[in-house]
Amino acid sequence: MSTIEVLSTIAELHDRLGQARDRAALTGGDTRIVLVPTMGALHAGHLALVRRARALADIVVVSIFVNPLQFGAGEDLDSYPRTLDADLAALAAENVSFVFAPSAREMYPGGASDTRVTTGPVGSLYEGAARPGHFDGMLTVVAKLLNIVTPDAAVFGQKDGQQAFLVQRMVADLNVRTVIEVVETVREPSGLALSSRNRYLDDAGHTAAQALFAGLSAAVEAAPAGPTAALAAANARIGSQSLVKLDYLVIVHPLTLLTVPGDYRGPARMLVAARVGATRLIDNVSLTLG
Ligand code: PAF
């Protein structure tokens, strides 16, 4: 277990990363920095991102910041789980050296950033339709974090598939030099995708939520018969759980994230979002439509 340094200001972070780079330069070495952006409340899914980062990096920086800009009115900004001590213990056990945990004031000294990153059209679909402004707020903070840390790579989870897609688009469109790595979703043995919001679920909700992955798995099996069969299989499985209120269930092309036509054959992703009680959950899988 390593000693973890928790830095709460951008100046401190620059100072410490500068020292690390200078040390490496003295010995003719390279310092590869990889960022794992998080909002804390870390679980095994985040730790999988950290492990991927460690495999790529000399220095891993994990940011912990509950970004107000990506929460809409009536969403769970105030109640979002904040578990800094437990997060730091988990990261120390993963030998992370730097945690950047700024205040909202440090990130948005003027109260909010005047300049925002705006998504293209894909940002207003699916999660973007359900949560207006969410992706602009997310991209704005990710752009700020990439500019603050200037990492060689940054690691995101496939569970938030539309987020990962939009971050990759932003980096390509704005010529950001950071490579975006996407790590496969970590699941409970039941198949439920790990999420910081799972802790909102009571026992009945937790059982009901398992229908999401069961539905996605049914779609993967039905996929050789085409998109209509895959959607029907997932709908039937998810619809059998009365506690699950489906928001969207779509099959999209992996390169555009736009829905595929009924006669489409080839690689695709199925995206799902649903409410289980007051908790909104999302998941996705890749499938091959035959
Ligand atoms: O996925 C998340 O936890 C957040 O959206 C992120 C990428 C850390 C930006 O706030």
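First, a word on what this report is: a plain description of the structure on this page. The structure presented is a predicted model; accordingly, all values stated were derived computationally and were not measured. (Residues numbered from 1 in each chain as written. Predicted model: local features only at pLDDT ≥ 70, side-chain atom pairs only at ≥ 80, totals over all residues. Heavy atoms only, no water.)

## Regarding the overall build of the protein chain
Basically, it comes down to this: Secondary structure elements follow DSSP: runs of H or I no shorter than four residues count as helices, runs of E no shorter than two count as strands, and numbering proceeds from the N terminus. Three exposure classes are used, based on accessible area relative to the maximum for each residue type with a 1.4 Å probe and protein chains only: buried under 20%, partly exposed in between, and exposed over 50%. Contacts between residues were defined by any pair of non-hydrogen atoms, one from each residue, lying within 4.5 Å. Only the protein chains shown count as cover for residues, and the accessible areas themselves come from Shrake-Rupley with a 1.4 Å probe.
When you go through the protein chain residue by residue, the secondary structure sums to nine helices and nine strands. In terms of its C-alpha atoms, the protein chain occupies a principal-axis envelope of roughly 60 × 40 × 40 Å. Across the 290 residues of the protein chain, 52% fall into the buried class. Once local pairs closer than 6 in sequence are excluded, the contacts in the protein chain between residues at least 24 apart make up 73%. A total of about 13,200 Å² of accessible surface is found on the protein chain, and carbon and sulfur atoms cover 53% of it.

## What about the layout of surface pockets?
Stated precisely, the cut-off is as follows: Here a cavity is any set of points on a 1 Å grid over the protein atoms alone where a 1.4 Å probe fits but cannot get out, and a pocket is any open set with protein on both sides within 12 Å along at least 5 of 7 lines; a residue lines the site when it has an atom within 4 Å of a point. Grid points are joined across faces, edges and corners, and a volume is the space filled by probe spheres set on the points. As a working rule, the residues Ala, Val, Leu, Ile, Met, Phe, Trp, Tyr, Cys and Pro are called nonpolar, Asp, Glu, Lys and Arg charged, and the rest polar, with Gly in that last group.
In this structure, the second largest pocket occupies an estimated 230 Å³ of space. Lining the second largest pocket are 16 residues; nearest its centre among them are I64, F65, V66, R82 and P102. Residues of the lining of the second largest pocket, tallied by class, amount to 11 nonpolar, three polar and two charged.

## Here's the deal with the side chain of T38
To be explicit about the condition: In the analysis that follows, any N or O atom pair within 3.5 Å is treated as a polar contact, provided that within protein one partner can donate a hydrogen and the other can accept it, and provided that, for residues neighboring in sequence, both atoms belong to side chains.
Within the fold, T38 resides in strand β2 (residues 33–38). Of note is the side chain of T38, whose polar atom sits 2.8 Å from the backbone oxygen of S63. When sequence neighbours within four positions are dropped, the list of residues in contact with T38 reads H46, V62, S63, I64 and F65.

## Re the pattern of salt bridges
For the record, the criterion: Each reported salt bridge corresponds to a side-chain nitrogen of Lys or Arg within 4 Å of a carboxyl oxygen of Asp or Glu.
Scanning the model with the defined rule gives nine salt bridges in all. For E181, the salt bridge goes to R52, with nearest N and O atoms at 3.1 Å. Of this pair, E181 sits in strand β6 (residues 179–183) while R52 sits in helix α2 (residues 44–56); the two residues are 129 residues apart in sequence, bridging distant segments of the chain. Relative accessible area serves as the criterion here: at 33%, R52 is assigned to the partly exposed category. As a salt-bridge pair, R280 and E127 come within 2.5 Å of each other at their nearest N and O atoms. Taken as a pair, R280 in strand β9 (residues 279–289) and E127 in helix α5 (residues 127–130) lie far apart in primary sequence, 153 residues in all. One exposure class covers both R280 and E127, and it is buried. If you follow the salt bridges from partner to partner, you end up with E127, D247 and R280 in one network.

## Some words on helix α3 (residues 84–93)
In plain terms, the rule: Each C-beta atom gives one direction from the helix axis, and the arc is the one those directions make.
Every buried residue of α3 is listed here: D87, L88, L91 and A92. Angular distribution of buried residues about the axis of α3 spans 130 degrees; they occupy a single face of the element. In α3, the exposed positions angled more than 90 degrees off the buried face are occupied by D85 and A86. Where the residues of α3 are buried, they touch β1 (5–7), α2, β3 (59–64) and β4 (98–100).

## Quick notes on the environment of L7
Considering the arrangement of structural elements, one finds L7 in strand β1. We classify L7 as buried; its relative accessible area is 4%. For the pair formed by L7 and L201, sequence separation is 194 residues and the distance between their alpha carbons is 32 Å. Ignoring anything within four residues of it in the chain, the contact list for L7 reads E12, L13, R16, F98, V99, F100, A101 and P102.

## What about the site of the ligand?
To keep it simple, the criterion reads: Any residue with at least one heavy atom within 4 Å of a molecule or strand is counted as near it.
Around the ligand lies a shell formed by P37, T38, M39, N67, Q70, M138, V141, F156 and Q163. Residue Q70 places a side-chain N or O atom 2.6 Å away from an oxygen atom belonging to the ligand. The side chain of Q163 places a nitrogen or oxygen atom 2.7 Å from an oxygen atom of the ligand. If you list the elements that add at least two residues to the shell around the ligand, you get β2 and α6 (134–149).

## What about the packing of aromatic side chains?
Formally: Each pair of aromatic rings taken from Phe, Tyr and Trp, with Trp reduced to its six-membered ring, is defined by centres within 6.5 Å and is described as stacked if the planes are under 30 degrees apart, edge-to-face if over 60, and tilted in the remaining cases.
A complete count under the given rule lists three aromatic pairs for this structure. Both rings, one in F65 and one in Y108, keep their centres 6.1 Å apart while their planes meet at 45 degrees; by these two values the pair is tilted. Of this pair, F65 sits in the loop between β3 and α3 while Y108 sits in the loop between α4 (104–107) and α5, and the two are 43 residues apart along the sequence. Assigned by exposure class, F65 and Y108 land together as buried. With a centroid separation of 5.8 Å and 45 degrees between ring planes, the pair formed by Y126 and Y248 is classed as tilted. With Y126 in the loop between α4 and α5 and Y248 in strand β7 (residues 244–252), this residue pair connects regions lying 122 residues apart in the sequence. Take Y126 and Y248: they sit in the same class, and that class is buried.

## Looking at the sheet that holds β9
Hydrogen bonds between backbone atoms are what pair the strands of a sheet, whose relative direction is either parallel or antiparallel. The test is simple: Note on pairing: two strands pair once DSSP finds at least 2 bridges between them. To define axes, lines are fitted to C-alpha atoms, for helices over the stretch in contact only, and angles between the resulting N-to-C directions are given on a 0 to 180 degree scale.
Taken together, the three strands give an open sheet; going across it, the order is β7-β8-β9, and neighbouring strands pair in antiparallel fashion. Only two strands of the sheet have a single partner each, and these edge strands are β7 and β9. For this sheet the average axis-to-axis angle between neighbouring strands, irrespective of direction, equals 15 degrees. In this sheet, strand β8 (residues 266–276) lies alongside β7 in antiparallel orientation, the contact comprising eight bridges. Bridge pairing in β8 links L249 to V272.

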